[in-house]
Amino acid sequence: MELQATFIRLQQSLNQTIVGQNPLVEQLLVALLAGGHVILEGVPGTGKTLLVKVVAQLVQSEFRRIQLTPDILPSDIIGTNIFDLNSREFTLKKGPVFTQILLADEVNRTPPKTQSALLEAMEEQQVTLDGQSLPLSDLFWVIATQNSLEFEGTYPLPEAQLDRFLFKLRVDYPHGEAEKQMLINYQAGFQGKRIDLAALAPLTSAPEILQARQAVRSLRVEESILDYVLSLVQKTRSHPDLVLGASPRATVAWVKGSKAQAWLAGRSFVTPDDVKAVAQPLLRHRLILRPEAQLDGMEVDAIIRSILAHVPVPR
């Protein structure tokens, strides 16, 4: 219970700093507890980078950021072996991937070869340099951002790579009162560009996060809940407006995310509401609409809501 209380305080602190994004903050913490990587999608200036910086500071973890551009090479992410003329030996220069929390800004602006290098590290939690496998941090957590409006000069992630992200979270504009609070905070001296000056005291640490993940994995899931998840997944695969449904990896991820949602809410068991709560962020980047459905103006989120409404909930 003490560990759960720590993460509730973390959630409250994030909501006070990143005003007007409470659902987003909760979903990001669920992904952290489930050990799943995240895509943040939103228009510029909505605080995507600031959110990640604040999380890294509050959880007292090593944080690296890489601004992805079309000329970034795989070696710029994972590192390379450099020959030392003095010692006559190769030495490893580690890339930014050797960290605990990695922010990959504008992941869709870098070519597929570089995207693959990053996503291989995400999936295997290790990198291979000159035939040598090098493990990454046990906490290793990737948050990638992308602009929801600009598509010129981008390299959209293919379905197989998108499937490796646990959640795709949308960063919307804050409501009026929240945006006014942002102005008040600015007047009081808060600087988003200098988050290190905000005097945010760490609330947890990497060992505690790993301990929390272990607690999440040990949560009980009734067979009826597993059957419910399977029914929802199978419905995505047979839906007439979808050309691609949820994968088996998504099925496992759905249970992981539901466990994390339940644990953050202070429960030791998973309910159907937990399954529903993570459905949209977990599925929206995995389901693909048929072309005719796109022409009719249908949206993936609406189909997810329809599936949730039509699949019977276990009692």
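Because the structure is predicted, anything quoted here is derived from the model rather than measured. (Residues numbered from 1 in each chain as written. Predicted model: local features only at pLDDT ≥ 70, side-chain atom pairs only at ≥ 80, totals over all residues. Heavy atoms only, no water.)

Before we move on, can you summarise unusual backbone geometry with the specific residues and values?
Of note in this structure, Gln60 is not a glycine but carries a positive phi near 50°. If you trace the backbone, Gln60 turns up in the loop between α3 (48-58) and β2 (63-67). Within the chain, Glu106 stands out as a residue other than glycine whose phi angle is a positive 55°. Among the structural elements, Glu106 can be located in the loop between β5 (101-105) and α5 (112-124). Under the relative-accessibility criterion, Glu106 is labelled partly exposed at 25%. (Helix = DSSP H or I, 4+ residues; strand = E, 2+ residues; numbered from the N terminus. Buried < 20%, exposed > 50% of the residue type's maximum accessible area, 1.4 Å probe, protein only.)

Describe the environment of Ser258, and please don't skip the residues or the numbers.
Mapped onto the elements of the fold, Ser258 is located in helix α10 (residues 248-264). Beyond its immediate sequence surroundings of up to four residues, Ser258 is in contact with Val270, Asp274, Val275 and Val278. (Contact = heavy atoms within 4.5 Å.)

So, the nonpolar core: which residues are in play, and what are the values?
The nonpolar side chains of soluble globular proteins are, as a tendency, buried together. In this structure, Phe7, Leu14, Leu40, Leu51, Trp141, Phe167 and Trp254 are the most contacted members of the largest nonpolar core, which totals 69 residues. For this core, the element with the highest residue contribution is helix α2 (residues 22-34), accounting for nine residues. Membership of the second largest hydrophobic core comes to 25 residues, among which are Ile39, Val107, Met122 and Phe140. (Core = buried A, V, L, I, M, F, W, Y, C linked by side-chain atoms within 4.5 Å.)

Residue-level account of the pairing of strand β8 (residues 141-146), with values.
Strand residues, when the strand is regular, have side chains that alternate between the two faces of the sheet. Counting buried positions along β8 yields six of six residues, so the element is predominantly enclosed. Direction of pairing for strand β1 (residues 38-42) relative to β8: parallel, over a ladder of four bridges. Bridging across to β8, Glu41 finds its partner in Gln146. Note that β5 and β8 share four bridges and pair parallel. For Ala104, the partnering residue across the bridge sits in β8 and is Ala144. (Pairing = 2+ DSSP bridges.)

Any details on the environment of Gln12? Residues and values, ideally.
You can see Gln12 is positioned in helix α1 (residues 2-17). On the basis of relative accessible area, Gln12 is assigned to the partly exposed category, the value being 46%. As for Gln12 and Asn22, which are separated by ten residues in sequence, their C-alpha atoms are 8.9 Å apart.

Lay out the side chain of Arg213 with the relevant residues and their values.
Within the fold, Arg213 resides in helix α8 (residues 206-217). Non-local contacts of Arg213, meaning those with residues more than four positions away in its chain, are made with Leu32, Leu33, Gly35, Asp138, Leu139 and Trp141.

Describe the side chain of Gln100, and please don't skip the residues or the numbers.
One can find Gln100 in the loop between β4 (89-94) and β5. You can call Gln100 buried: its relative accessible area is 18%. Among the polar contacts made by the side chain of Gln100, one reaches the main-chain amide nitrogen of Glu62 at a distance of 2.7 Å. Excluding residues within four positions of it along the chain, Gln100 makes contact with Ser61, Glu62, Ser137, Leu139, Phe140, Trp141 and Ala206. (Polar contact = N/O pair within 3.5 Å; in protein donor to acceptor, adjacent residues only side chain to side chain.)

Can you break down the environment of Leu232 residue by residue, with the values?
Structurally, Leu232 is set in helix α9 (residues 223-238). Leu232 sits in the buried class, given a relative accessible area of 0%. Once the C-alpha coordinates of Leu232 and Gly20 are considered, the two residues, 212 residues apart in sequence, prove to be 31 Å apart. Leaving out residues up to four positions away in the same chain, Leu232 has contacts with Trp254, Val275, Ile307, Leu308 and Val311.

Which residues make up the sheet that holds β8, and what values do they have?
Reading across the sheet, the five strands line up as β2-β5-β8-β1-β9 and stay open at both edges, with parallel pairing between neighbours. Every other strand in the sheet has two partners, leaving β2 and β9 (167-171) as the edge strands with one partner each. With strand direction ignored, the average angle separating the axes of adjacent strands in the sheet is 20°. (Axes fitted to C-alpha atoms, helices over the stretch in contact; angles between N-to-C directions.)

Quick rundown of the packing of α8 against α10? Include the residues and the values.
It is at 9 Å that the axes of α8 and α10 come closest, and there the two elements cross at 110°. Accordingly, the angle class assigned to the pair α8 and α10 is roughly perpendicular. Between α8 and α10, the contacting residues are Ala212, Ala215, Val216 and Arg217 on the first element and Lys256, Lys259, Ala260 and Trp263 on the second. Its residues placed into classes, the contact of α8 with α10 shows five nonpolar, no polar and three charged. (Parallel < 35°, antiparallel > 145°, perpendicular 65-115°, else oblique. Nonpolar A, V, L, I, M, F, W, Y, C, P; charged D, E, K, R; others polar.)

Break down the packing of aromatic side chains for me, citing the residues and quoting the values.
Across all of its chains, the model carries one aromatic pair by this definition. For the ring pair Phe7 and Trp263, a centre distance of 5.7 Å and an interplane angle of 75° mean the geometry is edge-to-face. One end of the pair, Phe7, is in helix α1; the other, Trp263, is in helix α10, and 256 residues separate them in sequence. (Phe/Tyr/Trp six-rings, centres within 6.5 Å; stacked < 30°, edge-to-face > 60°.)

Requested: an account of α3, with residues and values cited.
Across the eleven residues of α3, nine count as buried, placing the element largely inside the fold. What α3 keeps buried is the set Lys48, Thr49, Leu50, Leu51, Val52, Val54, Val55, Ala56 and Leu58. The positive-phi residue at the C-terminal boundary of α3 is Gln60, with phi of around 50°.

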